[in-house]
Amino acid sequence: MDKNKGFFDRFKIIGRWVGKKNGSNTPKNVNYLSAKELRMISRENRKITEELESKRKRVGVLESEYRATMKNPDNILEIDNLHTYFFTDIGVVKAVDGVSFNVPKGKTVGVVGESGCGKSVTSLSIMHLVQRPQGQIVEGEIRFDSGDMIYDIAKTPTDRMQKIRGNKISMIFQEPMTSLNPVFKVGMQIDEVIELHNSHMTRDLVKRRTIEMIEMVGIADSEGVYEMYPHELSGGMRQRAMIAMALACSPKLIIADEPTTALDVTIQAQIMDLLRTLKDKINSSIMLITHDLGVIAEMADFVVVMYAGRVVEQGSARDIFYNPLHPYTVGLMASKPGKDKNVERLYSIPGSVPNPIDMPNYCYFKDRCDRAFEACNGEYPPTYSISETHKVACYHYANGGVTHDRS
Amino acid sequence: MTEARVKMMVPNRSRDNIIQVQNLKKYYPISGGLLGRVKGYVKAVDDVSFNIRKGSTMGLVGESGCGKTTIGKTILRLTDKTQGSVKFDGIEIHDLSRQDLRALRPRIQIIFQDPYSSLSPRMPVGEIIGEAVRERKLVPLEEFDDYITKIMEDCGLKEYHKDRYPHEFSGGQRQRICIARALALNPEFIVCDEPVSALDVSIQAQIINLLKDLQEKYNLTYLFISHDLSVVEHISDTVGVMYLGNLVEYSNKETIFNNPLHPYTKALFSAIPVQDPDAKGERIILEGSIPSPSNPPSGCKFHTRCSYCMDVCREVVPEMRMVEEGHEVACHLY
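Since this is a predicted model, take the numbers as computed values, not measurements.

**Points about the overall build of chain A**
Along its length, chain A carries 14 helices and 13 strands. Taken across its 407 residues, chain A has 44% of its residues classed as buried. Once local pairs closer than 6 in sequence are excluded, the contacts in chain A between residues at least 24 apart make up 64%.

Below you can see the structure in the form of C-alpha cells.
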C-alpha cells in the first residue's frame, strides 16, 4: 500500500506541470508545453513504465500471486476499481479511472458511452491487449472465472494469459476488414485459433471443427468460404467469420467491441440475432460494447454507462431505459432521434468531454450538466445504490439511496 | 412542418422544384482481359427519377452499395452521368460548358461523410473556409475577414479557431468546419453525404440541429444521404428508399414511416433497434446480403430476398406507381 502511495504521488507531479498551463484563461493549453516540461514528463513516464514493465517481465511468478476468489460465484467476470493509464508525452491520460462492474454468468452486459470514454480500453485491459509500455493497468482487479481456476487478470503473467486469450475469453472486433489478415484464407485463420489451444487435435479434426463453426454462424457454403480470402466476402460475411473465430474454442466470455457499427441495419439485425442464439448455444456471457443505445436495449440484460473513464450509472436494462437517473444518461437518450420523438430540435448535451490529461477534481460532467447544484462542486461523487441493481454516481441521488462504500 | 405538408398538396409546379432528376443512370464499366475490353457494367444508379422542392430536405436511405452516394455525386456532376437528366433550377447540369459549370458551382455544394479525410491537414481552418470565397471574389477583400468570422459563428465555431489546423479539432467540430466551408459560398442546394455517421450520438444531435437552423436561416435545400433511418426521419420532408440502384419507394416522411409499402422498406424500418428493452416485436430479418450490382437479379431486383415473392417478380421489372397522393412505390403487390 505504501508503495502504491508513492506511485500515485508521481502522477500528481506530472499533473501539476500540465495543470500550471491551464491556470491562464487562454484557450490554448496542453498543446503547448515547454521543452523543459516535456523532458520532465517523459523522464517521469519512463521511470514509472520501466518499473511496471520489470514487474511484469519477471520469470517464475507464483500461481498464488494471481489466484483470486470471486465475490459472487454467479459472476463470470468481476472488474473491481480498475485503473488503466496511458503515459503520454503530454501527461498521464486516465483512460479508465476506477471502473467496477460485474458480468454475471450467461448474461449480456452492455457498456455504452461516447468515443474516448474508456469502454474499449476496459475491454482491452481484460484481454491484456493495452498498448505497452505506455498503457498500463496501474491499479485494480479483474477477476475471471475460467472454470478450473479464478484468475486476477491484472496480475496474470503473459504466458499464462496466452492460454486464456482466445480460449476462455475471446473478442469480436469492430472492423472485420482490418482484423482479418488479407493474405491468409479465412479457413486457415480459424484453424489457427483451434490448433493453438488444442494441440492434441489432428489437422483433419481441426478442419472439421472449423467448417462446423462456419456453418454455425449461418454461412451456407461453408466448404467454399473455408477456401476464400477475406476480400471475397461481404461485410456481414466477414463479421460472421470473425464471430466463428471468436467462438471456435467455446469461450466463457465473449467481448464484442462494436460488432455491428460498420454494418448496415439489415445486416446488423442478422448479426445481433446470431449473437443472441449462439450465446445460449455455447452457454457463455457477452460483454457488448457499443455507442448505439438501440442495440443495447435489444441485446443487454445489464447496462453500464461510462463517461470520461468512469462508470456514471449501471443497472438492469429496465432500470436504465425506463428510469435513467444520471443527467448524462438522460441526455444521451434524449439526443438520439427516434420514432416516438416528434420534436423539432433534438436535445444536445452542451459543451464537450473534458480534456483527459487534465480532469477536473469535481464531477466530470458538472460543466455540461443542466442540473448541477452546490454539492457538485465537491469532489467526484461516490456511487449511490438506488435499488439492488441500480447504481448511480451523482449527488442528486445522495438521499435517494444508501451511500455505497467504494473502498 | 405543416407548411411543408401544405406544399405537398399543391401540384408540383416545375419552378418549385430546385432539383429535377429524370431517368438518371450511371454505369461504371468493368474492363478486363488482356486488351482491357469492357466486360460489363456496374449499374450503380439505374433509372432513378425524383424532384426536390426548394427549401425542403429529401432523405435518401438504403444499404451500402445501393448507389446513394453515386446519385449525390452525379447531381453535382462530380462524376458524369450515363443517361438521363439532372436539372438544377431549370438548368441541365450535365450539358453545361466548363465555364458555365464553374459559375454554377457555388450554388451547389456538398458535405462529405468523413470529416477526418475531407479537410486538408496543411491548411488553417480560416483558409479552408475562405479559399473558395476569395477565389471567386464573393465578398470585397476588406470585408473578407468579417465574412469568414460570421460564417464560422453561424456554424458554432469561434473566431480564434481560424488559425488552427484541422488536427486540433474533434470530429464534431471538423464536421462544423466542413459545413462552414460549404456554407461560405452562399449555396442554394447542399448534398449532405452521411454527414453524421462518423460522429457520436450527442454530437450527431448538435450537427443535425445546426443543419436545421441553417436551413431555416438561409432557405437551403438538402439532399440528405444516410443509412441511419432515425436521423433521416428526423431531418427529412420527403424520403426515398433505394435498393441496388433503384428507387423502390418515395413519399413524404409521415406517410413512409407510418405506412411503408414496399417489402424492403418494411424490413429496413423494422431493423432499426428501438430504445426499449421490452419492445422485442415482430422483426423482419432479411436473409442474405445485397446482390452484386454488376449482375443484378432479373425482374424485381429485390425478389431474391423478398418474402412476398411471386412469379411475376422474377421476370417483370416493376414500374414506379403512384399508390396514393404523393406516395410512389415500385412493387408488383400494389
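**Digging into the overall build of chain B**
Each helix and strand in chain B was counted, giving 11 helices and 12 strands. Its C-alpha radius of gyration of 21 Å places chain B within 12% of the 20 Å reference for a compact globule of 334 residues. With the C-alpha coordinates of chain B rotated into their principal frame, the extents come out at 70 × 60 × 45 Å. Counting all 334 residues of chain B, 45% fall into the buried class. A fraction of 65% describes how many contacts in chain B between residues 6 or more apart in sequence connect residues 24 or more apart.

**Brief notes about the nonpolar core**
Formed by 187 residues in total, the largest nonpolar core has its most connected members in Ala244 and Val305 of chain A together with Ala180 and Leu223 of chain B. For this core, the element with the highest residue contribution is helix α10 (residues 235-247) of chain A, accounting for eight residues. Excluding residues that lie within four positions of it along the chain, Ala180 of chain B makes contacts with Ile129, Ile151, Met152, Cys155 and Leu157 of chain B.

**So, α10 of chain A**
Along its 13 residues, α10 of chain A runs 18 Å from first to last C-alpha, staying within 8% of the 18 Å computed at 1.5 Å per residue. The buried fraction of α10 of chain A is high, at 13 of 13 residues.

**Section: the interface of chain B and chain A**
The interface of chain B with chain A comprises 31 residues on the first partner and 38 residues on the second. Every element with two or more residues in the side of chain B that touches chain A is listed here: α7 (201-218), α8 (229-235) and α10 (263-270) of chain B. Among the elements that make up the side of chain B that touches chain A, the one with the highest residue count is α7 of chain B (six residues). A breakdown of the residues in the side of chain B that touches chain A according to their chemical character gives 15 nonpolar, 10 polar and six charged.

**What to know about the sheet that holds strand β8 (residues 221-225) of chain B**
All names here are of chain B. Across the sheet, which stays open at both edges, the eight strands sit in the order β6-β7-β8-β3-β9-β10-β12-β11 with mixed pairing between neighbours. The two strands at the open ends of the sheet, each matched to only one other strand, are β6 (108-111) and β11 (321-324). Taking each pair of neighbouring strands and ignoring which way they run, the sheet shows an average axis angle of 20°. In this structure, strand β3 (residues 57-61) lies alongside strand β9 (residues 238-243), joined through four bridges in parallel fashion. Paired with Val61 across the strands is Val241, a residue of β9. Against the sheet, helix α2 (residues 68-75) touches β3, β6, β7 (189-193), β8 and β9, its axis set at about 150° to β8. Packing against the sheet, helix α6 (residues 171-183) makes contact with β6 and β7, and its axis sits at approximately 175° to β6.

**Notes on the sheet that holds strand β4 (residues 83-88) of chain B**
Residue and element names in this part refer to chain B. The sheet built from four strands is open, its strands ordered β2-β1-β4-β5 with antiparallel pairing. In this open sheet, the two strands that pair with only one neighbour each are β2 (37-53) and β5 (91-92). Bridging between strand β1 (residues 17-32) and β4 involves five bridges; their strand directions are antiparallel. Bridging across to β4, Lys25 finds its partner in Gln83.

**What to know about the pairing of strand β4 (residues 135-145) of chain A**
All names here are of chain A. For β4, the buried fraction is high: eight of the 11 residues fall into the buried class. One ladder, built from three bridges, connects β4 with strand β5 (residues 150-152); its direction is antiparallel. Within β5, the residue paired with Arg143 across the bridge is Asp152. Connecting β4 to the next strand, β5, in antiparallel fashion are four residues, including Gly147 with a positive phi near 110°.

**Brief notes about the confidence of the model for chain B**
Residue and element names in this part refer to chain B. Taken residue by residue, chain B gives an average pLDDT of 87. The fraction at 70 or more is 95%. A low-confidence stretch, residues 1-13 (pLDDT under 50), is modelled with seven contacts involving residues beyond four sequence positions or located in other chains. What the predictor reports for the complex is a pTM of 0.82 with an ipTM of 0.78.

**Digging into the environment of Lys279 of chain A**
Residues and elements named next belong to chain A. Position of Lys279 among the secondary structure elements: in helix α11 (residues 265-282). Judged by local crowding, Lys279 falls into the partly exposed class, with 19 C-beta atoms found within 10 Å. Along the chain, Lys279 and Lys252 lie 27 residues apart, while their C-alpha atoms are 9.6 Å from each other. Once residues within four sequence positions are removed from consideration, Lys279 is found in contact with Thr108, Ser284 and Ile286.

**What about unusual backbone geometry?**
A cis geometry characterises the amide bond from Arg132 of chain A onward to Pro133 of chain A, with omega recorded as 0°. Tracing the sequence through the fold places Pro133 of chain A in the loop between α4 (119-127) and β4. Backbone geometry at Asn186 of chain B places phi at a positive 60°, although glycine is not the residue there. Examined against the element boundaries, Asn186 of chain B turns out to sit in the loop between α6 and β7.

**Points about the packing of helix α7 (residues 186-197) of chain A against α10 of chain A**
Residues and elements named next belong to chain A. Where α7 meets α10, the axes come as close as 8 Å, and the angle between the chain directions of the two elements is 20°. Compared by their axis directions, α7 and α10 come out roughly parallel. Handedness of the α7/α10 crossing: right-handed. Contact residues: Val186, Gln189, Ile190 and Val193 in α7; Ala241, Ala244 and Met245 in α10. A breakdown of the residues in the contact of α7 with α10 according to their chemical character gives six nonpolar, one polar and no charged.

**A short note on the packing of helix α4 (residues 125-136) of chain B against helix α5 (residues 144-154) of chain B**
All names here are of chain B. In contact at an axis separation of 10 Å, α4 and α5 are set at 125° when each is read in the N-to-C sense. With respect to each other, α4 and α5 are oriented oblique. Like other packed secondary-structure pairs, α4 and α5 cross with a definite hand, here right-handed. On α5, the residues that touch Gly126, Ile129, Gly130, Val133 and Arg134 of α4 are Phe144, Tyr147, Ile148, Ile151 and Met152. The class makeup of the residues in the contact of α4 with α5 is seven nonpolar, two polar and one charged.

**Some words on the pairing of β9 of chain B**
All names here are of chain B. Of all six residues in β9, six are buried, a share of seventy percent or more. Covered by surrounding structure in β9 are Thr238, Gly240 and Met242 together with Val239, Val241 and Tyr243, the residues of both alternating faces. One ladder, built from six bridges, connects β9 with strand β10 (residues 246-252); its direction is antiparallel. Within β10, the residue paired with Thr238 across the bridge is Asn252. Taking the residues between adjacent antiparallel strands as the criterion, β9 and β10 are bridged by two residues, where Leu244 takes a positive phi near 50°.

**Description of the environment of Phe224 of chain B**
In this structure, Phe224 of chain B sits in strand β8. Using a count of 27 C-beta atoms within 10 Å as the deciding quantity, one classes Phe224 of chain B as buried.

**Digging into the confidence of the model for chain A**
Put simply, chain A has an average pLDDT of 84, and 89% of its residues get 70 or more. A low-confidence stretch, residues 1-5 of chain A (pLDDT under 50), is modelled with zero contacts involving residues beyond four sequence positions or located in other chains.

Calculation criteria
- Residues numbered from 1 in each chain as written.
- Chains lettered and ligands numbered in written order.
- Predicted model: local features only at pLDDT ≥ 70, side-chain atom pairs only at ≥ 80, totals over all residues.
- Helix = DSSP H or I, 4+ residues; strand = E, 2+ residues; numbered from the N terminus.
- Buried ≥ 20, exposed ≤ 12 C-beta atoms within 10 Å, placed from the backbone.
- Contact = placed C-beta atoms within 7 Å.
- Rg over C-alpha atoms; globule rule 2.2 N^0.38 Å.
- Core = buried A, V, L, I, M, F, W, Y, C linked by C-beta atoms within 7 Å.
- Expected span 1.5 Å × (residues − 1).
- Nonpolar A, V, L, I, M, F, W, Y, C, P; charged D, E, K, R; others polar.
- Pairing = 2+ DSSP bridges.
- Axes fitted to C-alpha atoms, helices over the stretch in contact; angles between N-to-C directions.
- pLDDT = per-residue confidence, 0-100.
- Parallel < 35°, antiparallel > 145°, perpendicular 65-115°, else oblique.
- Left-handed = near helix turned anticlockwise from the far one by under 90°.

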